[in-house]
Amino acid sequence: MIATFASPADVEAAFYDAIARADLRALMSVWADDEDIVCIHPTGQRLSGTVAIRDSWRSIFANNARLKVRLSRVLRWNSMLLAVHNVVETLYIGDEEKAHGPMLATNVFQRGTNGWRLLAHHSSTAADRDLADKRAGEREETSPRVLH
């Protein structure tokens, strides 16, 4: 049975949860059923299509069984059929207390007949190393903005 995601936020939560559990099947279930899906890892490698994306995540999980990604500074733009989220990712590997990152990620979601799905994920290393630490008094976007 194919999972149905009611919102882009549900897809995003399932994506990062699958990463934390190193669950390749769950991770691939969030992607759109389209050979033009794209994933760009912080290394800069652009992967296009289900097979390439699945193989890259299989390799990542084989080498790092326990990854946890903490999101902050979430910005969301939503329309009826498309949503774009920009987030700051802070990565924790295994039992290490030292954070890796921060990384800037953009997730693009598309609404189709089976609900919302991930169309593109692009993560890159942030130039500003202090980005992961939220500064006092700084506003974090929580409500979606509407795309026209």
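Whatever comes next refers back to the structure up there.
The model shown is predicted, which means the values in this text are computed figures rather than measured ones.

1. Some details on the side chain of H121
At step 1: In this fold, H121 is placed in strand β6 (residues 115-125).
At step 2: In terms of polar contacts, H121 uses its side chain to reach the side chain of N107, at 2.5 Å.
At step 3: Filtering out sequence-adjacent residues up to four positions away, H121 remains in contact with F15, Y16, W31, V38, C39, I40, E89, A105, T106 and N107.

2. Side note on the packing of aromatic side chains
At step 1: One pass over the structure, following the stated rule, counts 4 aromatic pairs.
At step 2: Taking 6.0 Å as the distance between ring centres and 85° as the angle between the ring planes, the aromatic pair formed by F15 and W57 counts as edge-to-face. You can see F15 sitting in helix α1 (residues 8-21) and its partner W57 sitting in helix α3 (residues 50-63), a full 42 residues away along the chain.
At step 3: A residue is classified by how much of its surface remains accessible, and F15, at 2% relative accessible area, is buried.
At step 4: W57 gets classed as buried once you look at its relative accessible area, which sits at 6%.
At step 5: Seen from their ring centres, W57 and F61 are 5.7 Å apart, and the 45° between their planes marks the pair as tilted. You can see W57 and its partner F61 sitting in helix α3, 4 residues apart, about one turn around the helix. Each member of the pair, W57 as well as F61, carries the same accessibility label: buried.
At step 6: An aromatic cluster is present here, built from F15, Y16, W31, W57 and F61 joined pairwise through their rings.

3. A look at unusual backbone geometry
At step 1: Not every positive phi belongs to a glycine, and A22 is a case in point at roughly 50°.
At step 2: Within the secondary structure, A22 sits in the loop between α1 and α2 (24-29).

4. Some points on the pattern of salt bridges
At step 1: Inspection of every chain in the model, using the stated rule, returns 3 salt bridges.
At step 2: The salt bridge involving R21 is made with D23; its shortest N-O contact spans 2.9 Å.
At step 3: R21 gets classed as partly exposed once you look at its relative accessible area, which sits at 47%.
At step 4: Look at D23 and you get partly exposed, because its relative accessible area is 24%.
At step 5: Via salt bridges that share partners, D17, R21 and D23 belong to a single interconnected network.

5. Notes on the pairing of strand β4 (residues 82-93)
At step 1: Here strand β3 (residues 67-78) pairs with β4 via 10 bridges, running antiparallel. Paired with L67 across the two strands is I93, which belongs to β4.
At step 2: Between β3 and β4, which follow one another and run antiparallel, lie 3 residues.
At step 3: Judged from the 9 bridges that link them, β4 and strand β5 (residues 100-112) form a sheet pairing that is antiparallel. If you follow H85 over to β5, its bridge partner there is N107.
At step 4: If you look at the hairpin formed by β4 and β5, you'll find 6 residues sitting between the two strands, and G94 has a positive phi there, around 55°.

What counts as what
- Residues numbered from 1 in each chain as written.
- Predicted model: local features only at pLDDT ≥ 70, side-chain atom pairs only at ≥ 80, totals over all residues.
- Heavy atoms only, no water.
- Helix = DSSP H or I, 4+ residues; strand = E, 2+ residues; numbered from the N terminus.
- Polar contact = N/O pair within 3.5 Å; in protein donor to acceptor, adjacent residues only side chain to side chain.
- Contact = heavy atoms within 4.5 Å.
- Phe/Tyr/Trp six-rings, centres within 6.5 Å; stacked < 30°, edge-to-face > 60°.
- Buried < 20%, exposed > 50% of the residue type's maximum accessible area, 1.4 Å probe, protein only.
- Salt bridge = Lys/Arg side-chain N within 4 Å of Asp/Glu carboxyl O.
- Pairing = 2+ DSSP bridges.

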